[in-house]
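Residue strings, one per chain:
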Amino acid sequence: METALAKTPQKRQVVFLVILLFLWEAGSEAIRYSMPEETESGSFVANLAKDLGLRVGELATRGARIHYKGNKQILQLDIKTGDLLLSEKLDREVLCGATDPCILQFQLLLEKPVQFFQADLQLTDINDHSPEFLDREMLLKIPESVQPGTVFPLKTAQDFDISSNTVQNYTISPNPHFHVVTHNRGDGRKYPELVLDKALDREQQPELSLTLTALDGGDPTRSGTTALRIEVLDINDNAPEFLQSLYEAQVPENSPLNSLVVTVAARDSDAGTYGNVAYTLFQGDEVTQPFVIDETTGEIRLKRALDFEATQYYNVEIAATDGGGLSGKCSVAIQVLDVNDNAPELTLSKVASSTPENSPETVVAVFSVSDPDSGDNGRMVCSIQDDIPFLLKPTFKNFYTLVTERPLDRESRAQYNITITVTDMGTPRLKTQHNITLLVSDVNDNAPAFTQTSYTLFLRENNSPALHIGSVSATDRDAGANAQVTYSLLPPHDPQLPLASLVSINADNGHLFALRALDFEALRAFEFRVGATDRGSPALSSQALVRVQVLDANDNAPFVLYPLQNGSAPCTELVPRAAEPGYLVSKVVAVDADSGQNAWLSYQLLRATEPGLFGVWAHNGEVRTARLLSERDAAKHRLVVLVKDNGEPALSASVTLHVLLVDGFSQPYLPLPEAAAEQAQADPLTVYLVIALASVSSLFLFSVLAFIAVRLCRRSRAAWVGGCSVPEGHFPGHLVDVSGTGTLSQSYQYEVCLTGGSGSNEFKFLKPIIPNLPPQGAIEETEGKMTFRNNFGFN
């Protein structure tokens, strides 16, 4: 029986060449042991470890075991000592039949790594069977006219033992007429013949009863007997003779019952009843012989199904007996022809239910194949599917290993269903399939992966502590503990960021929580890293960036920068009555600490002494005249401007402006009478300064005194006109520049005068950054109309 591997476009197959087997067998000799059959179970056979040169401990670590065909356990191996023991009593006749010598082949399989050792156990025969005749009695009909020396064939006895333990001799009970001669067949078997020593006389003794004994060559000798009854007949001159002494026939094992195998023929020269020939099976019985012969025609037919694998040859002896009792004998050699009636058999010696991923070439299964048919019917091809990463490798005779072709990836495929197909080369082809389910066990080779490389979370300020602000999520393609992810906060890059007091993360689900209320104005945004670590060994991790954007809440009301509202009397804005519509009276400047739309400010006139006279621009807070002023309009006006943001809910602040309508002015500052009185107290200092200067130059003193006199005159006149006295000299002013902040236009500056007391008024004058000075003639022309226009460049 031969095996081969082939590869088709659909199936990957490994061709197992016969020459490779021959080379292997030539380079490795099997170890052979011998022991008698019927030895008690548990008996010691040999020490395999010692004979194979293996260490005793190596058998256990390498997973050693004994393999015998069909997985029948006739031997057992003690892996601790290396002793090979019998598992049961072995009967040579059952295991080998008539085959001599009886050799049982077995293999020692080492799994880690895979290695085979061939060994043989030869069972020697013991004389445990006695010769046995199939018939309890044999009947011979011999005519009385038979001459001494005539030979009569006798049936043989069976002995299941072999060699010298089988039948070696035949004897007959003492008598004066016959003796037995033992002959050898060509196959070594012995058969008896009865020889007539003395002529028979029917009238004196019509019947003789003898005992035929078969003796084997064992020690002690065993024997078997049968009764031999001889009837003495009248004269019959001729015995039947077969046309051939040996007939040969071939019959397929799958032949139907009653099919013709061969026809034998014998002739008898006598006439009448002495010439009528009857055919019988001379050797065999109903149990052992699958054939039957027609006693009239000599046709041998099949009466029981044949099995080539059980018996390949039959030797049948046919006797032809005439009516007078004389007989002739021939032999029929029947060869059973093999047909492909046996599917290949697959025996698994080792199979793995799972294998780790990423492992190099791994042995998944070790198996052997066999087919009891012969020729092409017994030649086999092993194959597996073509779309799986596995290979079949021939290892030892009909043994194969199923191995991985490359490292497996559980994340790509976690389970493989492998079908091993064994097909013979007979006609029709028969096949056997065996399915193996292999699970790919997980190895921690994948780090957790976040669903996003970065996360942006939005959190409105003034949040409640422990507020859930968002989640991060990571997945791991591994399985089991290797896929269980734990989340954590990683140390921030900025050591000044108190991350531990700002946020926390749920280690199991990645939920993020704000630990305290955040203030947009103090911390508008921050970022940190989140780690995801699996629970494999070794643990793998990854990280993602989380940005937290604090959203502004409208928690800051607008703050008015100008006019200042510090609890003192508000400043008064002077507006000439000749001002055109749209004249800039003042500008409210405010800011909001919030951002976005919460910091968008709008202005509106909430209350006014005379509605419709002034208006406030909503976007920049400028207060302008809405129409022409007239003499009928009141001189003093109080305006309340509301500054409101665009938040939800909206927050607001208000500011009060005082406006004084004047006909004209020559001085930019008109303090009230109380301020003039205080200003007068400062005249001695001026006098002292004048005196000091006069000491330097009298001419300069004269000029200064003249200048002072002129100014005092003008001031006295203007004070009486405005209802207050004016101190000498320029009133020191403070320049408040809020350009670039809030909504104050960059085109103006404001000068704020110092008040003389809590009861005094303040006057503020608006002038351009670049004074627009008219020609000198124009100043003289308009001096009478606007007494307040002076050298400060006020328009």
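Residues numbered from 1 in each chain as written. Predicted model: local features only at pLDDT ≥ 70, side-chain atom pairs only at ≥ 80, totals over all residues. Heavy atoms only, no water.

1. As for the overall build of the protein
Okay, step 1: Looking only at helices and strands, the protein features nine helices and 56 strands.
Okay, step 2: Burial analysis of the protein (795 residues in total) assigns 42% to the buried set.
Okay, step 3: Nonlocal contacts in the protein, meaning residues at least 24 apart in sequence, comprise 67% of its contacts between residues at least 6 apart. (Helix = DSSP H or I, 4+ residues; strand = E, 2+ residues; numbered from the N terminus. Buried < 20%, exposed > 50% of the residue type's maximum accessible area, 1.4 Å probe, protein only. Contact = heavy atoms within 4.5 Å.)

2. Observations concerning the confidence of the model for the protein
Okay, step 1: The pLDDT averaged across the protein works out to 79; a share of 79% of its residues lies at or above 70.
Okay, step 2: Confidence drops under a pLDDT of 50 for residues 1-28, and excluding neighbours within four residues, the segment shows 70 contacts in the predicted structure.
Okay, step 3: Scored below 50 in pLDDT, residues 666-683 shows 43 contacts in the model against residues more than four places distant or in partner chains. (pLDDT = per-residue confidence, 0-100.)

3. Some words on the side chain of Asp424
Okay, step 1: In this fold, Asp424 is placed in strand S34 (residues 415-424).
Okay, step 2: Buried charge without a salt bridge: Asp424, with Arg429 as the nearest opposite-charge side chain at an N-O distance of 6.1 Å.
Okay, step 3: At a separation of 3.1 Å, a polar atom in the side chain of Asp424 contacts the side chain of Asn340.
Okay, step 4: A polar side-chain atom of Asp424 sits 2.9 Å from the main-chain amide nitrogen of Leu430. (Lys, Arg positive; Asp, Glu negative; His and termini not counted. Salt bridge = Lys/Arg side-chain N within 4 Å of Asp/Glu carboxyl O. Polar contact = N/O pair within 3.5 Å; in protein donor to acceptor, adjacent residues only side chain to side chain.)

4. A short note on unusual backbone geometry
Okay, step 1: Cis geometry is adopted by the peptide bond preceding Pro428, which originates at Thr427 and carries an omega value of -5°.
Okay, step 2: For Pro428, the position within the fold is in the loop between S34 and strand S35 (431-441).
Okay, step 3: Along the chain, Ser537 connects to Pro538 via a cis peptide bond; the corresponding omega equals 0°.
Okay, step 4: Structurally, Pro538 is set in the loop between strand S43 (525-534) and strand S44 (541-551).
Okay, step 5: With a phi close to 65°, Glu38 is a non-glycine residue in the positive phi region.
Okay, step 6: Within the secondary structure, Glu38 sits in the loop between strand S3 (31-36) and strand S4 (44-47).

5. Section: the nonpolar core
Okay, step 1: In this structure, Val45, Leu75, Leu104, Phe106, Leu108 and Leu121 are the most contacted members of the largest nonpolar core, which totals 28 residues.
Okay, step 2: For this core, the secondary-structure elements that each account for two or more residues are S3, S4, helix H2 (48-52), strand S5 (65-68), strand S6 (75-78), strand S7 (83-86), strand S8 (102-111) and strand S9 (114-124).
Okay, step 3: For this core, the element with the most residues is S8, which contributes five residues.
Okay, step 4: If you look at the next biggest cluster of nonpolar residues, it comprises 26 residues, including Phe450, Phe526, Val530 and Val546. (Core = buried A, V, L, I, M, F, W, Y, C linked by side-chain atoms within 4.5 Å.)

6. Digging into the state of the cysteines
Okay, step 1: One pass over the full model with this rule turns up one disulfide.
Okay, step 2: A disulfide bridge connects Cys96 with Cys102, and the sulfur atoms are separated by 1.8 Å. In this structure the cystine formed by Cys96 and Cys102 twists about its S-S bond by roughly 65°; its chirality is therefore right-handed. (Disulfide = S-S within 2.5 Å.)

7. Describing the environment of Asn506
Okay, step 1: The topology assignment puts Asn506 in the loop between strand S41 (503-505) and strand S42 (511-514).
Okay, step 2: Along the chain, Asn506 and Val472 lie 34 residues apart, while their C-alpha atoms are 9.9 Å from each other.
Okay, step 3: Setting aside residues no more than four positions away along its own chain, Asn506 makes contact with Tyr487, His511 and Phe513.
Okay, step 4: Within the structure, Asn506 has its side chain in polar contact with the backbone nitrogen of Asp508 (distance 2.8 Å).

8. A closer look at the sheet that holds S7
Okay, step 1: Ordered by their spatial adjacency, three strands build an open sheet running S4-S7-S6, and the pairing between neighbours is antiparallel. Strands with a single pairing partner mark the edges of an open sheet, and in this sheet they are S4 and S6. The average undirected angle you get between the axes of adjacent strands in this sheet is 25°.
Okay, step 2: By the bridge criterion, three bridges tie S4 to S7 in an arrangement that is antiparallel. By the bridge assignment, Phe44 is partnered in S7 with Leu85. (Pairing = 2+ DSSP bridges. Axes fitted to C-alpha atoms, helices over the stretch in contact; angles between N-to-C directions.)

9. A word on the sheet that holds S44
Okay, step 1: Strand order across the open sheet formed by four strands is S37-S44-S43-S40, with mixed pairing between neighbours. The open sheet has two edge strands, strand S37 (454-460) and strand S40 (485-489), and neither has a second partner. Strand-to-strand twist of the sheet, defined as the mean angle between neighbouring strand axes without regard to direction, takes the value 30°.
Okay, step 2: Looking at chain direction, S37 and S44 are connected through seven bridges and run parallel. Counterpart to Ser454 in the pairing with S44 is Leu545.

10. Regarding the side chain of Asp373
Okay, step 1: Along the chain, Asp373 falls in the loop between strand S30 (363-370) and strand S31 (380-385).
Okay, step 2: Buried within the structure, Asp373 lacks any salt-bridge partner; Arg379 is the closest side chain of opposite charge, at an N-O distance of 12 Å.
Okay, step 3: Of the polar contacts made by the side chain of Asp373, one reaches the side chain of Asn342; its length is 2.9 Å.

11. Looking at the pattern of salt bridges
Okay, step 1: Here the structure, examined in full by the defined rule, presents 23 salt bridges.
Okay, step 2: Ionic pairing is found between Arg62 and Glu58, a salt bridge with its closest N-O pair at 3.0 Å.
Okay, step 3: Take Glu58: its relative accessible area is 15%, and that puts it in the buried class.
Okay, step 4: For Arg229, the salt bridge goes to Glu207, with nearest N and O atoms at 3.4 Å. Of this pair, Arg229 sits in strand S18 (residues 223-233) while Glu207 sits in strand S17 (residues 207-216), and the two are 22 residues apart along the sequence.
Okay, step 5: Among the charged side chains, a salt-bridge network with shared partners connects Glu137, Glu207, Arg229 and Glu231.

12. Description of the environment of Lys303
Okay, step 1: The topology assignment puts Lys303 in the loop between strand S25 (299-302) and strand S26 (313-322).
Okay, step 2: Residues Lys303 and Leu260 lie 43 residues apart in sequence; the distance between their C-alpha atoms is 9.9 Å.
Okay, step 3: For Lys303, the side chain forms a polar contact with the main-chain oxygen of Gln289, separated by 3.4 Å.

13. Topic: the packing of aromatic side chains
Okay, step 1: Summed over all chains, the structure comprises nine aromatic pairs.
Okay, step 2: Summarising the aromatic geometry, the rings of Phe133 and Tyr170 are spaced 6.2 Å apart at their centres and angled 55° between planes, so their arrangement reads as tilted. Residue Phe133 is located in strand S10 (residues 132-133), and its partner Tyr170 is located in strand S14 (residues 167-172); the two are separated by 37 residues in the primary sequence. An identical accessibility class is assigned to Phe133 and Tyr170; each is buried.
Okay, step 3: Aromatic side chains Phe450 and Tyr455 sit 6.4 Å apart centroid to centroid with 75° between the ring planes, which places their arrangement in the edge-to-face category. (Phe/Tyr/Trp six-rings, centres within 6.5 Å; stacked < 30°, edge-to-face > 60°.)

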